[in-house]
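Observations on the model geometry
Now for the letters of each chain:
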Amino acid sequence: MKLVILTSDIIDGRIVTQALINAGRDIKAIVYEQKQKGFKTRIKLLLFLLLRRLKHFSYESMARNKGGILVKAVTDINTKENVELLKTINPDLIVVVGTRKLQREVFSTASKGAINLHSGLLPFYRGSDSEFWALYNNEPDKIGVTIHYIEEGLDTGDIILYERQIVLPNDTHSQLRKKNIILGAKKVNEAISLIESGKSPRVKQGELYAKTYRSAKNDDIKSLNRRRKYWIKRNSKIKRFGNDSVYVKEEVARRPLVDFMAGQQTDYSHLFCLRIDADEFHDETFNDYIDLFRKHGDAVTVFFNVHSFLHAKDKIMECKNMGLDIQSHGFYHYTYSDYASNRHSIRKAKVFFKDLGIETKGFASPMGRWNTNLMMALEDEGYEYSSDFAYDYLGLPSYPALRGRISEVLEIPIFPVAPELFFQKGACDTREVLKFYKQAIDEMISCALPVIVYAHTSKFLEIPGMLNDIVEYAVLKKGLRPLDMTAFSDLWRKKFTYKQDMKIDESYIKVPGDCFLGREASVGTVRAFKNALKKALDFEKLTPDKELCCSEPRKTFKKILRKVL
């Protein structure tokens, strides 16, 4: 099959061209647009030569080594002269790597059309710097390469094949670009073989999630670099949320990623979820929650803690029968520091739900705590997403850095203040608490963030009614679109079209004010010492002695502490 390569004076074109020559492809011509090579570009070329990614510095030397290949340098690949040249060659297929947008007169000269190597996953990342923008948007799972047919739109043609890139936590967008070039050269060769055999698929691109990006600017790169320092290393702090009249304290991520997202474009604002953590079963109030779920079920996800509902399975089944989104809050209401203990509690809960005919793929850690051992246990049990505000809150989902790689479990941030926390401090003005939540919803809307609030199934009689008012304010008054957290996870992963062809609003993120983002709170010395000691010892009394899964020395120490304390 006769090939013509249309490319530019860039590394990408050289890598792909050399790969096709090495594969013995019948290349008739290489037409490339000349670009001014700066000092950095020349250094990169030399590095690629030293690393044996390239055997030749120029297209001309590649052609001389192979023989029988016409090489032509041009300033604009779309000129009439080049169109006439292509007509003379009469290629079967044109391979495009890194040119300007081609006119139809150019790419229609080949009998089998023209294919393009795009260094990004289509249709999600069209245009420039796809690797950068995928990192910027917290979507490393959207980094990879796509081989597609060329048509008049920019990166809009039918997809032949694609492959995701393996992304490591310390990978920069420049490093990922290099990795994609190598991967892309391999996939171009595969695509040519498919076309040659007549087995090439032509998959239409879905337009709902299609987006075109510009080249990244220096300010964009600086913003991403600042955020990534905190993304890789996560730790938590106790913060105060609220104002002078109503406030609570909660342990959350020390630096939420939204702190670095000002100005970032998002498609996920104007969505509303209500997360309910069913930590405890209270017979006197739970039926009021059932009524709430029945009324607003399309916005609700309930994370059941199994141990607390062992004697109230009928309530879980009632929720299941109404079609409610039911997910896991673990078997024991505790987030352990070691892998084995976390996995034991997670697996035990999963088996419990499975026996009830419920497949869980979402998790919310007890007390909102987070650690890498928890993430590894969730991965190994097949969970797709979690929601832990000690990792992140009030922002967009992300995939955590996890011991030299990136986790497959998506973390979904929420507004980390539960209304019953205000009542735990004693009597409080219900109207003031409701007013605070309405202000919080307004703030999230104005900052272009998805509105995800949460509460517990508590003993306080005021909470179910207050949650009803919160949902109605968000959905009826503010016009937010209700969906449960599993649907939101699927929407983020682009597996699920919510309400078919739903128009998602594009807007720009702002950082919420301190009242809602939280301010670091002072903690007494004694309390701070006790908290640190409990964390260090991983001390808890919920897990029966016979089910302790930690190391033998820690297991022995825990048993002794339980008797002493």
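Located above this text is the structure these notes cover.
Below is a short write-up of the structure. Predicted, not measured: the structure shown is a model, and the values here were computed from it.

1. Points about the sheet that holds strand β11 (residues 247-253)
The strand order across the open sheet built from three strands is β11-β10-β24, with neighbouring strands paired in antiparallel fashion. Strands with a single pairing partner mark the edges of an open sheet, and in this sheet they are β11 and β24 (519-520). In this sheet, β24 lies alongside strand β10 (residues 236-242) in antiparallel orientation, the contact comprising two bridges. Opposite K239, over in β24, you have E520 as the bridge partner.

2. Points about the environment of K142
Its place among the elements puts K142 in the loop between α6 (130-136) and β7 (144-149). Classification of K142 by relative accessible area gives buried; the value is 4%. In the structure, K142 is positioned 50 residues away from D92 in sequence and 32 Å away in space, judged by C-alpha atoms. Setting aside chain neighbours within four positions, we find K142 in contact with L121, F124, Y125, A134, W492, R493 and K494. Within the local environment of K142, its side chain forms a polar contact with the side chain of D141, the two groups lying 3.0 Å apart.

3. Quick word on the pattern of salt bridges
For side chains bearing opposite charge, pairing can occur when the charged atoms are close. In this structure the tally under the stated criterion is 40 salt bridges. The partner of R294 in a salt bridge is E318, with the nearest N and O atoms 3.4 Å apart. Of this pair, R294 sits in helix α9 (residues 286-296) while E318 sits in helix α10 (residues 313-321), and the two are 24 residues apart along the sequence. E318 gets classed as partly exposed once you look at its relative accessible area, which sits at 28%. Here the salt bridges share partners, and the residues they tie into one network are D538, E540, D545, K558 and R562.

Calculation rules
- Residues numbered from 1 in each chain as written.
- Predicted model: local features only at pLDDT ≥ 70, side-chain atom pairs only at ≥ 80, totals over all residues.
- Heavy atoms only, no water.
- Pairing = 2+ DSSP bridges.
- Helix = DSSP H or I, 4+ residues; strand = E, 2+ residues; numbered from the N terminus.
- Buried < 20%, exposed > 50% of the residue type's maximum accessible area, 1.4 Å probe, protein only.
- Contact = heavy atoms within 4.5 Å.
- Polar contact = N/O pair within 3.5 Å; in protein donor to acceptor, adjacent residues only side chain to side chain.
- Salt bridge = Lys/Arg side-chain N within 4 Å of Asp/Glu carboxyl O.

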